[in-house]
Amino acid sequence: MIRMRTDFFAESLGMGTSMVVLMPQQAAGIGMGGADGAGAEDGGTGAAGGDAVAPRGVPVLYLLHGLSDDCTIWERRTSIERYTAERGIAVVMPEVRRSFYTDEAVGEKYWTFVSEELPQLLARTFRISTAREDTFVAGLSMGGFGAFKLALNHPERFAAAASLSGALDPVALDLSQHAGQLAQRIWGGQDISGTADDLMGLLGSADPTALPQLFLDCGTEDHLVTQNQAFIDLAEERGVDLTSRLRPGTHAWDFWDRGIQDVLDWLPIRGR
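Described in the following lines is the structure provided in the data block. Just so it is clear, the structure is predicted and the values come from calculations on it, not from any experiment. (Residues numbered from 1 in each chain as written. Predicted model: local features only at pLDDT ≥ 70, side-chain atom pairs only at ≥ 80, totals over all residues. Heavy atoms only, no water.)

### Focus on the pairing of strand E8 (residues 242–247)
Selection rule: For two strands to be treated as a pair, DSSP must find no fewer than two bridges joining them. A run of H or I in DSSP becomes a helix once it reaches four residues, and a run of E becomes a strand once it reaches two; helices and strands are each numbered from the N terminus. Look down the strands so they point away from you; if the path from the first strand over the helix to the second goes clockwise, the crossover is right-handed.
Two elements, strand E7 (residues 213–219) and E8, share six bridges in a ladder whose sense is parallel. Looking at the pairing, Leu216 lines up with Ser244 of E8. For the segment spanning E7, helix H7 (residues 225–238) and E8, crossover handedness is right-handed.

What follows is the structure, given as structure tokens:
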């Protein structure tokens, strides 16, 4: 894999920010394989037919961090580079601070950044596919919320989305313990029912046939298990394609390290 820590200016944030990008590489190092992940575009004739076929961009997984973390955390707590090396998939890990992937009431427009500006920047800068069937999103805790928020608000963009120990119902969270009264800074005391942050409302009103495939993983000893169970129950009631499991575990990295490997096995990555 080619690993890049990228610093850039985000217009939606009005400031510089960072992301980590892993790009597939055909070459393999000691003890690791490598896959390029790029195929040919449909409709071309290839060199034998006289016209070169433009290479198709590689599939991409947006991998989102949790409340106390940053864009480097998945690399520091798991072997995500090793897990993805042979799968021919790019991994994009953006920085969103403690925003809950929202346009904050008092702060920055991180929802606009991650849902609009970031994909456009990546399409212009990296050899990444923009096709729905090649685009996936996953995250843990706050990032699990962000992953399902992207999938439920923009189902036309994603083939699959995964939440590990997701904070899927922000209204039910006690965020007052965090410095600066986090909920007040993010939502300004407003009711999020019926908004882009209301995952249960979005799930309840969505056309199940239009949604991406969803994967939910949560520990039975996790403090978020109740809201994950509620999401599972509503998905079943609505006939949504949700692969779910509640297994022994807590809100911890040993759980997510195992979980992200299973997510990668589950993703419908083309060519495998």
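### Considering the side chain of Asp222
For the record, the criterion: In this description, contact between two residues means that some pair of their heavy atoms is separated by no more than 4.5 Å.
Position of Asp222 relative to the elements: it lies in the loop between E7 and H7. Each residue touching Asp222, except ones within four places of it in the same chain, is listed here: Ser165, Gly249, Thr250 and His251.

### What to know about the pattern of salt bridges
For clarity, the threshold we go by: Salt bridges, as used here, are contacts in which a Lys or Arg side-chain nitrogen is within 4 Å of a carboxyl oxygen on Asp or Glu. For every residue, the accessible area obtained with a 1.4 Å probe (protein chains only) is divided by the maximum for its type, and the residue is called buried under 20%, exposed over 50%, and partly exposed between those limits.
Counted by the stated rule, this structure contains 13 salt bridges. In this structure, Arg245 and Asp262 form a salt bridge, with 2.6 Å as the shortest nitrogen-oxygen distance. Taken together, the positions of Arg245 in strand E8 and Asp262 in helix H8 (residues 253–266) put the pair 17 residues apart, joining distant regions of the chain. A relative accessible area of 27% places Arg245 in the partly exposed class.

### Brief notes about the sheet that holds strand E6 (residues 160–164)
Within a sheet, adjacent strands bond to each other through the backbone by hydrogen bonds, running parallel or antiparallel. Heads up, the condition is: Whenever a helix is involved, its axis is fitted only over the stretch in contact; in every case the axis is a line through C-alpha atoms, and angles between N-to-C directions fall within 0 to 180 degrees.
Strands sit in the order E1-E2-E4-E3-E5-E6-E7-E8 across an open sheet of eight strands; the sheet is mixed. One side of each edge strand has no neighbouring strand; the edge strands of this open sheet are strand E1 (2–10) and E8. Strand-to-strand twist across the sheet, computed as the mean angle between neighbouring axes with direction ignored, equals 15°.

### Here's the deal with the packing of aromatic side chains
Condition: Two rings from Phe, Tyr or Trp (for Trp, the six-membered ring) form a pair when their centres are within 6.5 Å of each other. A pair whose planes differ by under 30 degrees is stacked, one over 60 is edge-to-face, and the rest are tilted.
For the structure on display, the rule yields nine aromatic pairs. Ring geometry for Trp253 versus Trp256: centroids 5.1 Å apart, planes at 90°, classification edge-to-face. Here Trp256 and Trp253 lie together in helix H8, a separation of three residues that amounts to about one turn. We note that Trp253, like Trp256, is buried. Among the aromatic side chains, those forming a connected cluster through ring pairs are Phe8, Tyr110 and Phe113.

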